[in-house]
Protein chains: 2
Amino acid sequence: MPNQQPSLDLMFQALADPARRGMVERLSRGPASVSELARPLDMSLPAVMQHLAMLEAGGIVTSQKVGRVRTCALQPQALSLAEQWINQRRTQWAQRLDRLGDFLAAEEETQ
Amino acid sequence: MPNQQPSLDLMFQALADPARRGMVERLSRGPASVSELARPLDMSLPAVMQHLAMLEAGGIVTSQKVGRVRTCALQPQALSLAEQWINQRRTQWAQRLDRLGDFLAAEEETQ
DNA sequence: CCAATAGTTAGGCAATTGCTTGACTATCCA
DNA sequence: TGGATAGTCAAGCAATTGCCTAACTATTGG
């Protein structure tokens, strides 16, 4: 098992392109071959391969080749990591706003 | 109010750089000036401005200038949008796995 | 008014991204 | 065995990113 520790850089980079998000979308409904991923994409197969490479670099997708078909699958742990990072910043901000609200309410009372 | 509909492209692109995530991290603890954002970053102020522009383009940060100081703040709705996108793909994948598990369990029973 | 502070604009440069085409390898199946 | 299928490699090109320095504007405080 290749212990991959994908960076947030590569994860978010991988998600920052509509073609790649389309591929993720497709893979969220189940595994697919490279050609299946390419079908709706209106670009050459090598281009799709490059996008796939970036998704793999970000740890978002894994693939293995059986016969002449490479089958790709989503790697939900990576998605989870990215999701957590965003969630933490967002909730920290929300908490800060709550404390500010409390402070202002207390100010109000002491007047 | 400038009704901005930031694209997922620009949001994820904005988050795909450690300097920019550092700025988001800082802003999750409260508003800050451009110089404050720049302080820990070991790069020129113009470079920081460019990163800030990408964060604003992604809708993740807003800023306004008062006197000679530009104050930046987090825009949690945008973060929320990115978070939701990831969450939906991830949970769709999980549900598919659940159904697959159910199917296999049912197969098991009928044997 | 003048100097320090805070930010902005412009130009330039190396690396990366996103795509192409053409040529190639490996596998499958009639 | 030979042709169709699935994928891969390599070179090349335009656009974008990420950084810099130098020069500039706008504000503030003494």
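Note that the coordinates shown come from a computational prediction; the quantities given were computed from them, not determined experimentally. (Residues numbered from 1 in each chain as written. Chains lettered and ligands numbered in written order. Predicted model: local features only at pLDDT ≥ 70, side-chain atom pairs only at ≥ 80, totals over all residues. Heavy atoms only, no water.)

Enquirer: How should I be thinking about the protein's contact with DNA strand C in this particular structure?
Expert: Inspection of the region around DNA strand C gives 21 residues, with Gln50 and His51 of chain A together with Ser35, Met49 and Arg68 of chain B positioned closest. Counting only atoms of DNA strand C within 4 Å of the protein, the sugar-phosphate share comes to 68%. Within the backbone of Val34 of chain B, one N or O atom sits 3.4 Å away from a phosphate oxygen of DNA strand C. Those elements that place two or more of their residues in the surface near DNA strand C are α4 (45-57) of chain A together with α3 (34-38), α4 (45-57) and β3 (69-74) of chain B. At five residues, the largest contribution of residues to the surface near DNA strand C is made by α4 of chain A. (Near = heavy atom within 4 Å. Polar contact = N/O pair within 3.5 Å; in protein donor to acceptor, adjacent residues only side chain to side chain. Helix = DSSP H or I, 4+ residues; strand = E, 2+ residues; numbered from the N terminus.)

Enquirer: Before we go on, may I ask you to explain the sheet that holds strand β1 (residues 32-33) of chain B in this structure?
Expert: Strand-to-strand pairing in sheets goes through backbone hydrogen bonds, with the strands running parallel or antiparallel. Residue and element names in this part refer to chain B. The antiparallel open sheet is built from three strands, whose spatial order is β1-β3-β2. At either margin of the open sheet sits one strand with a lone partner, and together these are β1 and β2 (61-66). Summarising the sheet, β1 and β3 pair through two bridges and their orientation is antiparallel. From the neighbouring strand, Ser33 faces β3, where its bridge partner is Thr71. Lying on the sheet, α4 is in contact with β2 and β3; it crosses β2 at an angle near 120°. (Pairing = 2+ DSSP bridges. Contact = heavy atoms within 4.5 Å. Axes fitted to C-alpha atoms, helices over the stretch in contact; angles between N-to-C directions.)

Enquirer: It is not clear to me how the nonpolar core should be interpreted in this structure. Could you clarify?
Expert: Counting 56 residues, the largest nonpolar core has Phe12 and Ile60 of chain A together with Phe12 and Ile60 of chain B as its most contacted members. With residues up to four places along the chain from it excluded, the contact list for Ile60 of chain A reads Met11, Ala14, Leu15, Val24, Leu55, Ala73, Leu74, Gln75, Ala78 and Leu79 of chain A. (Core = buried A, V, L, I, M, F, W, Y, C linked by side-chain atoms within 4.5 Å. Buried < 20%, exposed > 50% of the residue type's maximum accessible area, 1.4 Å probe, protein only.)

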